[in-house]
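Listed here are the chains, written in short residue letters.
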Amino acid sequence: MHRFFIVLLVTCIYSFSSHAYWEYQVSVDYESSHFVFERAQNSLNDQETLSAAFMLRYDNEDWFHLYIEPQFKVDFIDHSRDRYLPNRAYIKFYGEKLSFKAGVDVNRWGFSEFFRPTDVLNRFDLEDNYFAPGKLGEALLEINYSPRIQFLDAFKLSLKAFPLFQESPLPDNNTRFALAGSQNGINYQLIEPQERPDFLRGVGGAISIDATIKKTDLQLVYYHGPEHQPGYYLTIDNNGALRLGSFYYSVDMIGASVLTTAGSFTFLAEGAYKTMASNTAKTHDISPVQDNAIPNDYGQVVAGGNYVFYEAFHKADIKLMVEYMHEFSSSDAFQNFRAFDHDVMLGLQLTLNDSRDTYLTLGLFKDVLNQELVFYQDLSSKVYKDFRL
């Protein structure tokens, strides 16, 4: 990792020209979270986080681009949420139609606000927040081809390779989002370490096509490699206690997304189909509904949209959001450990457009088949210069 940053610096200095420009930005964030409804089996129900980020961007405005974004994050209550490694640090060589990128980056597939079925290229920080996790950077090599096509407003073909596998952080057993439950009346909790795939099964590859036709964006994607969100199986440890083990399996996914606008309305739909037929069966030590912890295949769909009231209160904008999320699988046991099944999301985002860049986001997640309910709120504003609270 140290050698990689040295190469970035040397290449940047070598490519310096009179037309080049530098850009940097420093930000500091403080976040305090308290969960009102306690879970008796967990001791940590609060979060006090201080984060600092430094962004450095360099471009010679000809053929070379550099981006480095270190991060520093400390939770004074729950140290399992501490983070130090950068999520974005890459070099990019570009031309009129072709570009090549190498390094660590965060990718995004799909258009929906809260849950994107096709967004499988990066790990999610499930240890930080299981229901609203942030993305973690992945090492990648990327080639983009963007020719001009007469009947399209924009077109891009992307090829990506992910040579290094990394695990998704999972919640500790004494924290708010601990993965625990019971099967046949026997309690269980998560066991470490996670089961990693071998080197070849840990390598991933992806291809995507993005196109824009007037006010409609289309995206077709394919991915082969390890599923970044782990699977789970029930196992009995050496002491005879029931535990929940986590593991990673290979997946082939095809997906499509569409987003179109009509005035202040935005409509979107996304879908992904994944097959795991190439994996060896992973059986539970205690039988749930289905003994194999890996389903043959499963699908995920999202449909919804939003409406924006521009300058509703002086300069403030209000965005109302609604989405329906559904996952269907051949394995009932597989869905027992998933965050979403039949869920409706209602959201509101208030952007004041003031000098302090203040915004408020409210979200409500409701599973229509049971009593599960999650409420989410985020209020952010600059206190002084780039210090944000």
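Residues numbered from 1 in each chain as written. Predicted model: local features only at pLDDT ≥ 70, side-chain atom pairs only at ≥ 80, totals over all residues. Heavy atoms only, no water.

### Quick word on unusual backbone geometry
Applicable threshold: Starting at the N terminus, helices and strands are each numbered in turn, a helix being any DSSP run of H or I of at least four residues and a strand any DSSP run of E of at least two.
Glu 192 connects to Pro 193 through a cis peptide bond whose omega is 0°. Mapped onto the fold, Pro 193 is located in the loop between β10 (186-190) and β11 (204-213). In this model, Asn 353 sits at a positive phi of 55°, which is unusual for a non-glycine residue. Structurally, Asn 353 is set in the loop between β19 (342-351) and β20 (359-367). One non-glycine residue with positive phi stands out, namely Asp 357, at about 55°.

### What about the side chain of Lys 274?
Spelled out, the test is: Throughout, a residue-residue contact means that at least one pair of heavy atoms, one from each residue, lies within 4.5 Å.
Along the chain, the position of Lys 274 falls in strand β16 (residues 265-275). Those residues within four positions of Lys 274 in sequence are excluded, and the remaining contacts are Pro 117, Val 120, Glu 227, Val 251, Asp 252, Met 253, Asp 297, Tyr 298 and Gln 300.

### Overview of the pattern of salt bridges
Opposite charge on two side chains allows them to pair when their charged atoms are near. To keep it simple, the criterion reads: Any carboxyl oxygen of Asp or Glu that lies within 4 Å of a side-chain nitrogen of Lys or Arg is treated as forming a salt bridge with it. Per-residue accessibility, obtained with a 1.4 Å probe over protein chains only, is compared with the maximum for each type, and a residue is labelled buried under 20%, exposed over 50%, and partly exposed between these values.
Applying the stated criterion across every chain yields a total of 17 salt bridges. Close ionic contact of Asp 119 with Arg 116 constitutes a salt bridge, the shortest N to O distance being 3.3 Å. With respect to burial, Asp 119 and Arg 116 carry one shared label: buried. Members of the salt-bridge network, linked through shared partners, are Lys 73, Asp 75, Arg 81 and Asp 128.

### What to know about the sheet that holds strand β14 (residues 242-247)
To be explicit about the condition: Here the rule is simple: two strands pair whenever DSSP picks up at least two bridges between them. Between N-to-C directions, angles cover 0 to 180 degrees, with each direction set by a line fitted to C-alpha atoms, over the stretch in contact for helices.
Strand order across the open sheet formed by four strands is β9-β10-β14-β13, with mixed pairing between neighbours. What marks the edges here is a single partner per strand, and that holds for β9 (180-183) and β13 (231-236). Averaged over all pairs of adjacent strands, the angle between strand axes in this sheet comes to 35°, irrespective of strand direction.

### Regarding the nonpolar core
This is how it is decided: As used here, the term nonpolar core means buried Ala, Val, Leu, Ile, Met, Phe, Trp, Tyr and Cys residues forming a set that is joined through side-chain atoms within 4.5 Å.
Trp 109, Leu 121, Tyr 223 and Met 253 are the most contacted members of the largest nonpolar core, which totals 18 residues. Among the elements of the structure, β12 (216-226) and β15 (250-262) are those that each provide at least two residues to this core. When neighbours within four sequence positions are excluded, Met 253 is seen to be in contact with Trp 109, Pro 117, Thr 118, Val 120, Val 221, Tyr 222, Tyr 223, Ala 272, Tyr 273 and Lys 274. By size, the runner-up hydrophobic cluster in this structure holds 13 residues, among which are Tyr 130, Leu 242, Leu 244 and Ile 286.

### Focus: the pairing of strand β6 (residues 98-105)
Of all eight residues in β6, six are buried; the element is thus mostly enclosed. Alignment of strand β5 (residues 88-94) against β6, held across six bridges, turns out to be antiparallel. Within β6, the position partnered with Ile 91 by the bridge is Ala 102. With antiparallel pairing between neighbouring strands as the criterion, β5 and β6 make up a hairpin whose turn holds three residues. Here β6 runs beside strand β7 (residues 138-145); their pairing, made up of eight bridges, is antiparallel. Bridged to Gly 103 within β7 is Leu 140.

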